[in-house]
Amino acid sequence: MGQVSLAQVGNQRPIQSLYDRETIYMLGPTRYVRNNVVYAGAANLRREFSVSPAGMDLYIRSRRNRNIALVVSLVGSAGSIYSLATGNREAFRTFFWVSLGTGVVSTALGTRANTQLNQAVWLRNRDALILVENQQ
């Protein structure tokens, strides 16, 4: 039989209540939960990150990398479609390798964007708890 965690106990400690109320966790690139309410949209996320300059910086870099990854992916797809539509055998080989390369680059940038977003959320949560604790 496992141990009962503090989260399972009916009487929450003040720090746990503060944590549950003030921290966010991500459901996707633009969807998150705060205080058991789901929010969506970049505007809401910017508002959340406004309490943390370091978190905001990483959030902005994450968005930039995600957008670059999307553009690179679209360029690779467009190249593949062009090579198939033209029927040029030499162009097909060239665009195949370009498409493969853009796919790898896009995946790497997407992974980096996710890592930056996770770090941004961690910093934001830390700074939000510090801010609230200092206000009390």
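Note: the structure precedes this text.
Residues numbered from 1 in each chain as written. Predicted model: local features only at pLDDT ≥ 70, side-chain atom pairs only at ≥ 80, totals over all residues. Heavy atoms only, no water.

Asker: Could you give an account of the overall build of the chain, with specific residues and numbers?
Answerer: Across its full length, the chain holds four helices and three strands. Sequence-ordered secondary structure for the chain, helices as α and strands as β, is α-β-β-β-α-α-α. Counting across all 136 residues of the chain, residues that qualify as buried make up 28%. Sequence separation of at least 24 residues holds for 55% of the intrachain contacts in the chain that already meet a minimum separation of 6. Here the chain has roughly 9100 Å² of accessible surface; of this, 59% comes from carbon and sulfur atoms. (Helix = DSSP H or I, 4+ residues; strand = E, 2+ residues; numbered from the N terminus. Buried < 20%, exposed > 50% of the residue type's maximum accessible area, 1.4 Å probe, protein only. Contact = heavy atoms within 4.5 Å. Areas by Shrake-Rupley, 256 points an atom, 1.4 Å probe, with all protein chains shown as cover.)

Asker: Could you give an account of the pairing of strand E2 (residues 31–34), with specific residues and numbers?
Answerer: Relative to E2, strand E1 (residues 24–26) is paired through three bridges, and the arrangement is antiparallel. Of the residues in E2, the one forming a bridge with Tyr 25 is Val 33. Connecting E1 to the antiparallel partner E2 that follows it, the hairpin turn spans four residues. With four bridges connecting them, E2 and strand E3 (residues 37–40) associate as antiparallel partners. (Pairing = 2+ DSSP bridges.)

Asker: So what's going on with the side chain of Gln 116? Residues and values would help.
Answerer: Within the secondary structure layout, Gln 116 lies in helix H4 (residues 89–135). Aside from chain neighbours lying at most four places away, what touches Gln 116 is Leu 58, Arg 61, Ser 62 and Asn 65.

Asker: Go over the side chain of Asn 65, please, and point to the residues and values.
Answerer: Note that Asn 65 resides in helix H3 (residues 53–86). For Asn 65, a relative accessible area of 12% gives the class buried. In this view, Asn 65 contacts Leu 109, Arg 112, Ala 113 and Gln 116; residues no more than four positions away in its chain are not counted.

Asker: Quick rundown of the nonpolar core? Include the residues and the values.
Answerer: If you look at the biggest cluster of nonpolar residues, it comprises 11 residues: Ile 24, Tyr 32, Leu 45, Phe 49, Met 56, Leu 58, Tyr 59, Leu 117, Ala 120, Val 121 and Leu 123. Secondary structure elements with two or more residues in this core: helix H2 (42–49), H3 and H4. It is H4 that contributes the most residues to this core, four residues altogether. Other than its neighbours up to four places away in sequence, Ala 120 contacts Phe 49, Gly 55, Leu 58 and Tyr 59. (Core = buried A, V, L, I, M, F, W, Y, C linked by side-chain atoms within 4.5 Å.)

Asker: Could you give an account of the pattern of salt bridges, with specific residues and numbers?
Answerer: Oppositely charged side chains can pair when the atoms bearing their charge come close. Counted by the stated rule, this structure contains six salt bridges. Among the ionic pairs, Arg 124 bridges to Glu 48, the shortest N-O distance being 2.6 Å. Taken together, the positions of Arg 124 in helix H4 and Glu 48 in helix H2 put the pair 76 residues apart, joining distant regions of the chain. Among the residues examined, Arg 124 registers a relative accessible area of 2% and is labelled buried. With a relative accessible area of 8%, Glu 48 lands in the buried category. (Salt bridge = Lys/Arg side-chain N within 4 Å of Asp/Glu carboxyl O.)

Asker: I'd love a proper account of the environment of Tyr 19, names of residues and values included.
Answerer: Here Tyr 19 lies in helix H1 (residues 14–22). A sequence separation of 106 residues divides Tyr 19 from Asn 125, and the C-alpha atoms of the two residues are 8.5 Å apart.

Asker: How would you sum up the packing of aromatic side chains? Please name residues and give values.
Answerer: Evaluation of the coordinates by the stated rule reveals two aromatic pairs. Here the aromatic rings of Tyr 32 and Tyr 39 are separated by 5.3 Å at their centres, their planes lie at 20°, and the arrangement is stacked. Among the residues examined, Tyr 39 registers a relative accessible area of 32% and is labelled partly exposed. The interplanar angle of 15° and the centroid separation of 4.8 Å between the aromatic rings of Phe 49 and Tyr 59 together place this pair among those described as stacked. Pair noted here: Phe 49 is in helix H2 and Tyr 59 is in helix H3, with a separation of 10 residues, a long-range link. Neither Phe 49 nor Tyr 59 differs from the other in exposure class; each is buried. (Phe/Tyr/Trp six-rings, centres within 6.5 Å; stacked < 30°, edge-to-face > 60°.)

In short, shape yes, function no, at least from these values alone.
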